[in-house]
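# Examination of the molecular architecture
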Amino acid sequence: MVDGTDTGEPPDWLTAAEIGMWQAFRNGSVYDLRSGDPMADDPHGGHPWSPERSVRARIVCMLLLDGPPALSGRVSSLKLSGLQITDVLDLAGGEILPYTELKHCRFEKELLIPEAKFTTLRLVNCSIPRVEAARLHTEGDLHLPRCRIHNGMRLTDAQIGTDLLLNQAVIYRDRRGKSIMGDGLSVGQDLQAELMESHGQLSLRGAKVGVSFSLRGSKLANPYGPRALNAPQMTVERTLYMTPASPGDPITSSGQTPARGTRVQRFECQGGLRLDDGRFGDAIDLAQARFTLENEQEVSLRRVQTPELRFLGEAPQRGKVVLSGAKVVNLIDKSTSWPGPGGLQMGGFTYENLVPQGSFPLSRRLSWVAAATAEYNPEPYEKLATVLRNGGEDADAREVLLAKQRRRRETLPLAAKLWGFAQDWTVAYGYRPGRAALWMAVLWAVSAVAFSRADHPAIKPGEHPNWNPALFSLDLLLPVIDLGQDSYWQLRGGWQWFAAILILLGWVLATTVAAGATRLLRRN
């Protein structure tokens, strides 16, 4: 017991403010030293606070680590409002049992709680130079809503038993450019960082969130490095929200849509975002998200796995969106959300269903694939065609595969290009087989009319069938098949050349039909 007494009475050497805090601790009541003037009471303002509102950090530590017994029928707890804590509040490695809640307080120096153990710690609307909380352990919540942390916060390998709340917090970078260093952080339930401002890199490498991670309405900015959010190998059991929020109602449940007419604030990220190798149990929601990137920066979702990707934000004007190796069941997107050529990479990106929002014609979807393939790559075309075919859109699937052949043709040498053009003009690489029948009908009609005027002496007089220009032209057009006409008649002059051209065109049509049929059979 403090001072070796059992009475719980405060030592004589405490200040008046500290005696009041001591008695409130034993009583479990709130100790409030606010003046009632909002300007003077603002912990983030420049108005100085008098010594009568200050308590020493070591007295706070005495109460939390080895405080006096509670009054009869009370539960001791530290509940402060409107106080300034002088010196460094050092609870490193300590086990703090009393409930701790500080509101509207100022910390003169940093808060040190690495490897400390709390039941629940709530710091609400406080001004703190820095928070050192590596390997912190809480059985309940860690709350820091509306706090301003001026030199970053370290939560490396911290274990939060239930919720971590950072709603409306403003966190500035430390000397290494990190706003929050949360690598290896584990949160038992929700991580809510709604309407938060992060000035520096928010680092959450390998972090684990037991329910959902909400960045609704937050602004992440890091002009000092390549990434504003660096969270590879993150695991979120349910949904990652990077969606709008209402500033007037910051603690709403994650994922709720604000009422119509409510002023909302979008999620904004100024700098790169990295979620590589992440696992998200329900969805990644990017509705109305806005990304401001430099040319070399990325929205990187390499190899992420999630049942649903809601890619419904604004297309970044610079930088890249990278989905290489990602696995998604439902891709919900808008045509206006994707960057143009050179701004998208999705090699190995797999998805099972497309759920476009608004108008997303096939021509725009083909532009989406083309934007991801600066050099010809058949994989994105074949994946899109498979998804469309599985959804019953066979005609669209054929158009995608036709676009793939046309894109491939651009990479071929001249002779192969010419052959490709022939296949395209005649039967569209086999994906429009009806076009071959149309060409054949046109050639047959034209040649039949032409041969009706041609001089056609018999090769062997008296040993020939009746002259039939329609059957004669068809016999020339159809390779292999013999209709018993072309071998009995002899053409002279220009008609010989006309017949040769007709035979050649017949072979070209037959060959392209065969090539297209082979391609279709191979695909099926």
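Residues numbered from 1 in each chain as written. Predicted model: local features only at pLDDT ≥ 70, side-chain atom pairs only at ≥ 80, totals over all residues. Heavy atoms only, no water.

Let us look at the sheet that holds strand β9 (residues 111-112). Here 11 strands make up an open sheet; going across it, the order is β5-β9-β13-β17-β21-β25-β29-β33-β37-β39-β41 and the pairing parallel. Each edge of the open sheet carries a strand with a single partner, namely β5 (89-90) and β41 (344-345). The pairing of strand β13 (residues 131-132) with strand β17 (residues 153-154) spans two bridges and is classified as parallel. Bridged to Val-131 within β17 is Met-153. (Pairing = 2+ DSSP bridges. Helix = DSSP H or I, 4+ residues; strand = E, 2+ residues; numbered from the N terminus.)

Attention now moves to the packing of aromatic side chains. On inspection of all chains with the given rule, the structure shows five aromatic pairs. With 5.2 Å between their ring centres and 40 degrees between their planes, Phe-349 and Tyr-351 make a pair best called tilted. Just as Phe-349 is buried, Tyr-351 falls in that class too. Among the aromatic residues, those joined into a ring-pair cluster are Phe-311, Trp-338, Phe-349, Tyr-351 and Trp-368. Lying across the ring of Trp-49, Arg-53 places its NZ or CZ 4.0 Å from the centre. Seen from the ring of Tyr-224, Arg-173 lies directly overhead, with NZ or CZ sitting 3.7 Å from the centre. (Phe/Tyr/Trp six-rings, centres within 6.5 Å; stacked < 30°, edge-to-face > 60°. Buried < 20%, exposed > 50% of the residue type's maximum accessible area, 1.4 Å probe, protein only. Lys NZ or Arg CZ within 6 Å of the ring centre and 35° of its normal.)

Attention now moves to the nonpolar core. Of all hydrophobic cores here, the largest spans 107 residues; its most connected members are Leu-123, Leu-185, Met-196, Leu-229 and Leu-275. Among the elements that make up this core, the one with the highest residue count is helix α3 (residues 57-66) (seven residues). By size, the runner-up hydrophobic cluster in this structure holds 10 residues, among which are Leu-477, Leu-491, Ala-499 and Leu-502. (Core = buried A, V, L, I, M, F, W, Y, C linked by side-chain atoms within 4.5 Å.)

Position of Leu-478 among the secondary structure elements: in the loop between α9 (469-477) and α10 (494-523). Distance in space between the C-alpha atoms of Leu-478 and Trp-507 is 7.6 Å, their sequence separation being 29 residues.

A contiguous nonpolar surface patch, about 310 Å² in accessible area, is contributed by Leu-414, Leu-418 and Phe-421. Note that Leu-418 resides in helix α7 (residues 414-427). In this structure Leu-418 comes out as exposed when scored by relative accessible area, which is 54%. (Patch = residues over 30% accessible without salt bridge, like charges linked within 9 Å, V, L, I, M, F, W, Y side chains within 5 Å. Areas by Shrake-Rupley, 256 points an atom, 1.4 Å probe, with all protein chains shown as cover. Salt bridge = Lys/Arg side-chain N within 4 Å of Asp/Glu carboxyl O.)

Non-glycine residue Asp-87 carries a positive phi angle of around 70 degrees. As for its placement among the helices and strands, Asp-87 is situated in the loop between β4 (84-86) and β5.

The next subject is empty space enclosed by the protein. Considering all chains together, one arrives at three cavities of 30 Å³ or more under this definition. As a volume, the largest cavity reaches approximately 80 Å³. As for the largest cavity, its lining consists of 13 residues, and the residues nearest its centre are Leu-89, Leu-91, Thr-100, Leu-111 and Leu-121. Taken together, the elements giving at least two residues each to the lining of the largest cavity come down to α3, β7 (99-103) and β11 (121-124). Among the residues making up the lining of the largest cavity, the classes are represented as 12 nonpolar, one polar and no charged. Here the second largest cavity defines a volume of roughly 60 Å³. (1 Å grid on protein atoms, 1.4 Å probe; cavity = no way out; pocket = protein on both sides within 12 Å on 5 of 7 lines; lining within 4 Å. Points joined across faces, edges and corners; volume = space filled by probe spheres on them. Nonpolar A, V, L, I, M, F, W, Y, C, P; charged D, E, K, R; others polar.)

Before going further, it helps to spend a moment on the confidence of the model for the protein chain. This prediction gives the protein chain a mean pLDDT of 87; 87% of its residues lie at or above 70. In the predicted structure, residues 250-258 sits below a pLDDT of 50 and forms 21 contacts with residues beyond four places in sequence or in another chain. (pLDDT = per-residue confidence, 0-100. Contact = heavy atoms within 4.5 Å.)

Before going further, it helps to spend a moment on the packing of helix α4 (residues 362-371) against helix α6 (residues 394-409). Axis separation between α4 and α6 bottoms out at 11 Å; the angle between their running directions is 40 degrees. Between α4 and α6, the crossing angle belongs to the class labelled oblique. In terms of crossing hand, the pair formed by α4 and α6 is right-handed. Two secondary-structure elements touch here, α4 through Leu-362, Leu-366 and Ala-370 and α6 through Asp-396, Glu-399, Val-400, Ala-403 and Arg-407. (Axes fitted to C-alpha atoms, helices over the stretch in contact; angles between N-to-C directions. Parallel < 35°, antiparallel > 145°, perpendicular 65-115°, else oblique. Left-handed = near helix turned anticlockwise from the far one by under 90°.)

Attention shifts here to the state of the cysteines. By the definition in use, this model includes zero disulfides. Cys-147 supplies the cysteine sulfur nearest to Cys-126, a cysteine that is in no disulfide, at a spacing of 4.7 Å. Using a relative accessible area of 0% as the deciding quantity, one classes Cys-126 as buried. For Cys-147, a relative accessible area of 0% puts it in the buried group. (Disulfide = S-S within 2.5 Å.)

Taken together, the five bridges between strand β3 (residues 77-81) and β7 define a ladder with parallel strand orientation. Bridging from a neighbouring strand, Ser-81 pairs with Lys-103 of β7. Taken together, the four bridges between β7 and β11 define a ladder with parallel strand orientation. Across the sheet, the residue bridging to Leu-102 is Leu-123, located in β11.

Overall, the coordinates contain 23 salt bridges when judged by the stated rule. Of the charged contacts in the structure, one is a salt bridge between Arg-34 and Asp-32, with a shortest N-O distance of 2.9 Å. Residue Arg-34 is classed as partly exposed on the basis of its relative accessible area, which comes to 39%. Taken together, the salt bridges that share partners define one network made up of Arg-130, Glu-132, Arg-154 and Asp-174.

A separate point is the environment of Leu-71. By secondary structure assignment, the location of Leu-71 is in the loop between α3 and β3. On the basis of relative accessible area, Leu-71 is assigned to the partly exposed category, the value being 34%. Taking the C-alpha atoms as reference points, Leu-71 and Ala-24, separated by 47 residues in sequence, lie 10.0 Å from one another. In contact with Leu-71, not counting residues within four places along its chain, are Arg-26 and Asn-27.

Another aspect to go through is the environment of Ala-57. Within the secondary structure, Ala-57 sits in helix α3. Sequence separation of Ala-57 and Phe-107 is 50 residues, and the distance between their C-alpha atoms is 8.9 Å. With near-sequence residues (within four places) excluded, Ala-57 lies in contact with Ile-85, Thr-86, Asp-87, Val-88 and Leu-89.

This paragraph deals with the packing of α4 against helix α5 (residues 378-390). Close contact between α4 and α5 brings their axes to 9 Å; oriented N to C, the two are set at 145 degrees. With respect to the hand of their crossing, α4 and α5 are arranged in right-handed fashion. In contact with Leu-362, Arg-365, Val-369 and Ala-370 of α4, α5 contributes Pro-380, Tyr-381, Leu-384 and Leu-388. Considered class by class, the residues forming the contact of α4 with α5 number seven nonpolar, no polar and one charged.

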